[in-house]
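Reading the structure
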Amino acid sequence: MAMLQATDIHKKFGHLKVLKGVSLQVEKGEVIAIIGPSGSGKSTLLRCLNRLERIDQGCIEIESETMAKNGPKGWAVYSDEKDIERMRRKMGMVFQNFNLFPHKSVLENLMLAPVLVNGMGKTEAEKIARELLDKVGLSFKADNYPFELSGGQQQRVAIARALTLNPSIMCFDEPTSALDPELTGEVLHVMRDLALEHMTMIVVTHEIGFAREVANRVIFMDDGLIVEQGTAEEVLLNPTQERTKSFLGTVLMAR
């Protein structure tokens with residue numbers, strides 16, 4: 001059973017077509033890395049899967065439940081809002097910017113969603129929060145505030161926060177792009193550990209090394225379309241499409 005199935009997704013902003021018929025299937029335990037140039041539609045696709053953006057056409061299913069499908073007029077129609085919220089909780093989301101609440105401690109940031117969204121008691125929520133902070137190597141920062149943390153530490157807290165609702169799928173939108181290179185490694189280390197635990201993950205990234213090392217499948221997007229996909233070895237080391245070769249050549253030269 002596919003954890004997530006997206007079929008023929010179209011999305012435009014005004015007259016700009018950002019996604020032009022993208023289809024994606026994600027299997028349980030699979031790590032998918034989505035790469036491509038800026039403006040190729042990578043982040044928009046991720047936001048559409050999580051219903052942070054509404055699609056114009058197409059179908060999205062999460063664990064065989066339909067979030068959106070084409071209606072009689074050919075445009076996407078969404079399920080009931082309560083059902084959508086329940087489906088969204090199956091997908092943890094980590095953004096480029098950490099989006100932590102600055103006026104709450106690290107521990108309070110992690111406890112918020114389990115208490116408010118799942119109605120969990122504070123004692124249980126705190127236990128889970130502390131376990132997850134330990135998992136990302138930040139148990140000693142529980143009482144600190146976000147401004148007291150490095151960027152890498154803030155992003156690790158954001159990952160722990162996304163895990164508090166026990167999602168089926170973790171989505172990462174360029175999780176290291178706002179970090180200095182020396183802080184990137186600590187975030188990628190946490191993500192590698194999640195992959196080793198067979199967490200289902202969709203990662204929009206510019207970290208080609210991470211994609212090569214961790215991803216079961218690499219997808220190269222350009223101009224709102226999936227140009228090429230396959231194993232990391234197939235796409236990153238032996239690409240067949242000229243656009244993929246050109247992009248990888250540019251990335252490698254920049255490094």
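Small disclaimer: the values here were computed from a predicted structure and weren't measured.

**Quick word on the side chain of S105**
Residue placement: S105 occurs in the loop between β7 (91-94) and α3 (106-116). What makes S105 buried here is its relative accessible area of 8%. Residues in contact with S105, not counting those within four places in the same chain, are A142, D143, N144 and Y145.

**Focus on the nonpolar core**
Core analysis: the largest hydrophobic core is formed by 38 residues, its most contacted members being L133, V157, I159, M170, F172, M191 and M201. Broken down by element, the residue count for this core peaks at 7 residues, all from helix α6 (residues 181-196). In contact with V157, other than residues within four places in its own chain, are L100, V106, L110, L133, L138 and L149.

**A few points about the sheet that holds strand β10 (residues 217-222)**
Read from one edge of the open sheet, 6 strands run β7-β8-β9-β3-β10-β11, paired in mixed fashion. Edge positions in the open sheet fall to β7 and β11 (225-230), since each of these has one partner strand only. Within this sheet the neighbouring strands show an average axis-to-axis angle of 15 degrees, counted without direction. As judged from the 4 bridges shared by β7 and strand β8 (residues 169-173), these two strands associate in the parallel manner.

**Re the pattern of salt bridges**
Inspection of every chain in the model, using the stated rule, returns 16 salt bridges. The closest approach of N and O atoms between K127 and E131, which form a salt bridge, is 2.8 Å. Taken together, the residues span about one helical turn, with K127 and E131 both in helix α4 (residues 122-135) at a distance of 4 residues. K127 sits in the exposed class, given a relative accessible area of 52%. In this structure, the salt-bridge partner of E186 is R156, at a minimum N-O distance of 3.1 Å. With a gap of 30 residues between them, E186 in helix α6 and R156 in helix α5 (residues 151-163) connect regions that are remote in the sequence. Here the salt bridges share partners, and the residues they tie into one network are E63, E65, D83, R86 and K90.

Here is what the cut-offs are and how they apply
- Residues numbered from 1 in each chain as written.
- Predicted model: local features only at pLDDT ≥ 70, side-chain atom pairs only at ≥ 80, totals over all residues.
- Heavy atoms only, no water.
- Helix = DSSP H or I, 4+ residues; strand = E, 2+ residues; numbered from the N terminus.
- Buried < 20%, exposed > 50% of the residue type's maximum accessible area, 1.4 Å probe, protein only.
- Contact = heavy atoms within 4.5 Å.
- Core = buried A, V, L, I, M, F, W, Y, C linked by side-chain atoms within 4.5 Å.
- Pairing = 2+ DSSP bridges.
- Axes fitted to C-alpha atoms, helices over the stretch in contact; angles between N-to-C directions.
- Salt bridge = Lys/Arg side-chain N within 4 Å of Asp/Glu carboxyl O.

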